[in-house]
Amino acid sequence: MREGVRERVFDGLLWLLLCVPVVLLSAPDDGGSWVRVALGAALLAAGVALGRRWPMVPLVLAVAGSLAVSPELFTPAYVLALVAFGYLAGRRTERTRPALWLFAVVPLAGLARILALDGTLPQWFALLLSGALAVVAPWLIGRYVRQYDRLVRSGWELADRMEREQEAVADRERLRERSRIAGDMHDSLGHDLALLALRAGALELDPALGAAQQRAAGELRRAAADATGRLRDIIGVLREDGEDAPVAPPDETIADLVTRARASGLTVTLDDTTGPASEMTARAVHRVIQEGLTNAAKHAPGAPVRIRLHASDGARVHVHVTTPPTDGTPDPGLASGGTGLVGLDERVRLAGGTLRHGATPDGGFALSAVLPLRAPIPRPTAPRSAHELDLARRQVRRGLARAIWIPLALLAGLGLLMAGVGLSTQYQTYLEPEDYARIHTGTARPDIARSLPSRHLDGPPHAVPAEPPGMDECLYYRSTLLAAIPVYRLCYADGHLANKAQLP
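Keep in mind it's a predicted model, so treat the numbers as computed, not measured.

(A) Structural context of the overall build of the protein chain. In terms of regular secondary structure, the protein chain is built from 13 helices and 8 strands. Burial analysis of the protein chain (504 residues in total) assigns 37% to the buried set. In the structure as shown, the protein chain presents an accessible area of about 28,500 Å², 61% of it carried by carbon and sulfur atoms.

Listed below in structure tokens is the structure:
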């Protein structure tokens, strides 16, 4: 409501301001009439009323009113309206094509009107100059102000969006960290439960124990299997598709991991010839070996596991975990859910390496990875909001450049055109000295016309002597191509050349 009131007040004050020169310069005291004042005020009122919905309409009305008064477009009564409506058209319009059409049509319409009124070409040049200064330049300034406001508005919008994005990123990071903790819990507890089930299976088959103890060991093994399954289901709900794998494995060395696996009953051979590696690579290697031991405990109980680590070219580390074929049947409760290898592949990829897994030719299983000793540093990417702000800044700079060089180019082009036409006009009024010498007094006018240029000067130059008395007409021609004086004067009487002179 307040916005609408402010707009109406602004439009009313604008109309009153634009009407001031119309009233002062179109009144009867200045050679006008009250009818012209009323028509001008009504024209401006219509432009102000339609300007917010159709911004180009007021400019068209102001240009039409100016051309109706003067073919040169510049009129003191409407020049303020041309500047104001030109600025508002550039400020309010989104598209530039309607304005460009208007800028192309006005010179053509003005030229047609000048020719219809038997006007001169300099009048058309004055129209072009008036249009460039009173219409095009304010329109370009309005376009620049519009783009600058858009930049400011975009900056505040991007700042607000970035603040919301930061809050969303913080919430997402908290959830992701919880998911990583859950993933590490799954990896660590799954490994421990697999080893626990393996130990319980060994106790279940130990002949030194009684039947009750063996049944208790079997129940313990099945409980461990059930706990592993439930843990896999819970973590499967927490992990979404495409989510990054955990990057914080248990805090233990590879030797500690192998020792713990051997204490659980696995036969493990470790061959490690690598040196120190980056933290990211060390964690990935630890995770590969842990997954290999867990899979061996699940799917090949009792089979020996071989782990081999070696470096190549001092830049990459190779990890191989192989398990030979076994006749044992894995417990169905310990079947893999598939998330371990998927997460492991993502962990290795983040460290800059590659992972391979599958059956060996002899029927066993192999898990291998190739990792750089120094993990690559991820490249930060520029936020989208910063890109959008930079794009908005470039648009404003281009708008400012157009607001400066387009008027300058128009003025330069207009100046060159006027200079060319001026030179052409001077050449058309230039009388060669040889032709002037061949002209004699008393010669009939039609015979002289063959030696004269196509045009003559509009009138005598300043400070030339008075014309001889009794002459019907005197015509003036340039005696030099570039200078305004001296000139040749040819005076006629009764159809013959009565006087010729070079002035001054």
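(B) Structural detail: the packing of helix α8 (residues 254-263) against helix α9 (residues 279-299). Contact geometry for α8 and α9: axes closest at 10 Å, N-to-C directions at 10°. With respect to their mutual orientation, α8 and α9 come out roughly parallel. Contacts from Ile254, Leu257 and Ala261 of α8 reach α9 at Val285, His286, Ile289, Gln290 and Leu293. Split into classes, the residues belonging to the contact of α8 with α9 amount to 6 nonpolar, 2 polar and no charged.

(C) Structural view of α8. Restricting attention to buried positions, one finds in α8 the residues Ile254, Leu257, Val258 and Ala261. For α8, the angular spread of buried residues about the axis comes to 95°, placing them on one side.

(D) Up close: the sheet that holds strand β5 (residues 365-372). The 5 strands lie next to each other as β1-β2-β3-β5-β4, forming an open sheet whose pairing is mixed. Here the strands that pair on one side only, and so sit at the sheet edges, are β1 (268-272) and β4 (354-359). The average angle at which neighbouring strand axes cross in this sheet is 10°, direction not considered. Across 5 bridges, β1 lies against strand β2 (residues 305-312) in parallel orientation. Residue threonine 269 lies in a different strand from β2, and its bridge partner there is arginine 306. In this fold α8 packs onto β1 and β2, with an angle of close to 165° to the strand it touches most, β1.

(E) Looking closely at the pattern of salt bridges. Counting across every chain of the model gives 6 salt bridges. Among the ionic pairs, aspartate 447 bridges to arginine 450, the shortest N-O distance being 3.7 Å. Using a relative accessible area of 39% as the deciding quantity, one classes aspartate 447 as partly exposed.

(F) Here's a closer look at the sheet that holds strand β6 (residues 473-478). The strand order β6-β7-β8 describes an open sheet built from 3 strands, whose pairing is antiparallel. Pairing within the sheet leaves two strands with one partner each, and these edge strands are β6 and β8 (496-503). The sheet shows a mean angle of 20° between the axes of neighbouring strands, direction not considered. Here 7 bridges tie strand β7 (residues 487-493) to β8, and the two strands are oriented antiparallel to one another. Paired with arginine 489 across the bridge in β8 is alanine 501.

(G) Layout of the state of the cysteines. Evaluated as defined, the whole model comprises 1 disulfide. The disulfide partner of cysteine 474 is cysteine 491, and the gap between their sulfur atoms is 2.1 Å. Across the S-S bond of cysteine 474 and cysteine 491 the torsion is about 110°, and the bridge reads as right-handed. Placement of cysteine 474 in strand β6 and of cysteine 491 in strand β7 is noted, with a sequence separation of 17 residues between them.

(H) Region of interest: the nonpolar core. Ranked by size, the top nonpolar core spans 35 residues in total, and within it Leu18, Leu44, Leu59, Val63, Leu82 and Phe85 carry the most contacts. Among the elements of the structure, α1 (2-26), α2 (34-50), α3 (56-69), α4 (79-92), α5 (97-116) and α6 (121-204) are those that each provide at least two residues to this core. With sequence-adjacent residues up to four places away left out, leucine 18 is seen in contact with Leu44, Leu80, Ala81, Ala84 and Phe85.

(I) Here's a closer look at the packing of aromatic side chains. One pass over the structure, following the stated rule, counts 2 aromatic pairs. Centroid distance phenylalanine 103 to tryptophan 139: 5.4 Å. Interplanar angle 80°. Geometry classified as edge-to-face. Placement of the pair is phenylalanine 103 in helix α5 and tryptophan 139 in helix α6, with a sequence separation of 36 residues. A single burial state applies to phenylalanine 103 and to tryptophan 139, both of which are buried. Considering the side-chain rings of tyrosine 436 and tyrosine 488, the 3.9 Å spacing of their centres and the 10° angle between planes classify their relative orientation as stacked. With tyrosine 436 in helix α12 (residues 433-438) and tyrosine 488 in strand β7, the pair connects residues that are 52 residues apart, well separated along the chain. A residue is classified by how much of its surface remains accessible, and tyrosine 488, at 4% relative accessible area, is buried. When the ring centre of tyrosine 436 is taken as reference, the NZ or CZ atom of lysine 500 above it lies at 4.0 Å.

Analysis parameters
- Residues numbered from 1 in each chain as written.
- Predicted model: local features only at pLDDT ≥ 70, side-chain atom pairs only at ≥ 80, totals over all residues.
- Heavy atoms only, no water.
- Helix = DSSP H or I, 4+ residues; strand = E, 2+ residues; numbered from the N terminus.
- Buried < 20%, exposed > 50% of the residue type's maximum accessible area, 1.4 Å probe, protein only.
- Areas by Shrake-Rupley, 256 points an atom, 1.4 Å probe, with all protein chains shown as cover.
- Axes fitted to C-alpha atoms, helices over the stretch in contact; angles between N-to-C directions.
- Parallel < 35°, antiparallel > 145°, perpendicular 65-115°, else oblique.
- Contact = heavy atoms within 4.5 Å.
- Nonpolar A, V, L, I, M, F, W, Y, C, P; charged D, E, K, R; others polar.
- Arc of directions from axis to C-beta.
- Pairing = 2+ DSSP bridges.
- Salt bridge = Lys/Arg side-chain N within 4 Å of Asp/Glu carboxyl O.
- Disulfide = S-S within 2.5 Å.
- Core = buried A, V, L, I, M, F, W, Y, C linked by side-chain atoms within 4.5 Å.
- Phe/Tyr/Trp six-rings, centres within 6.5 Å; stacked < 30°, edge-to-face > 60°.
- Lys NZ or Arg CZ within 6 Å of the ring centre and 35° of its normal.

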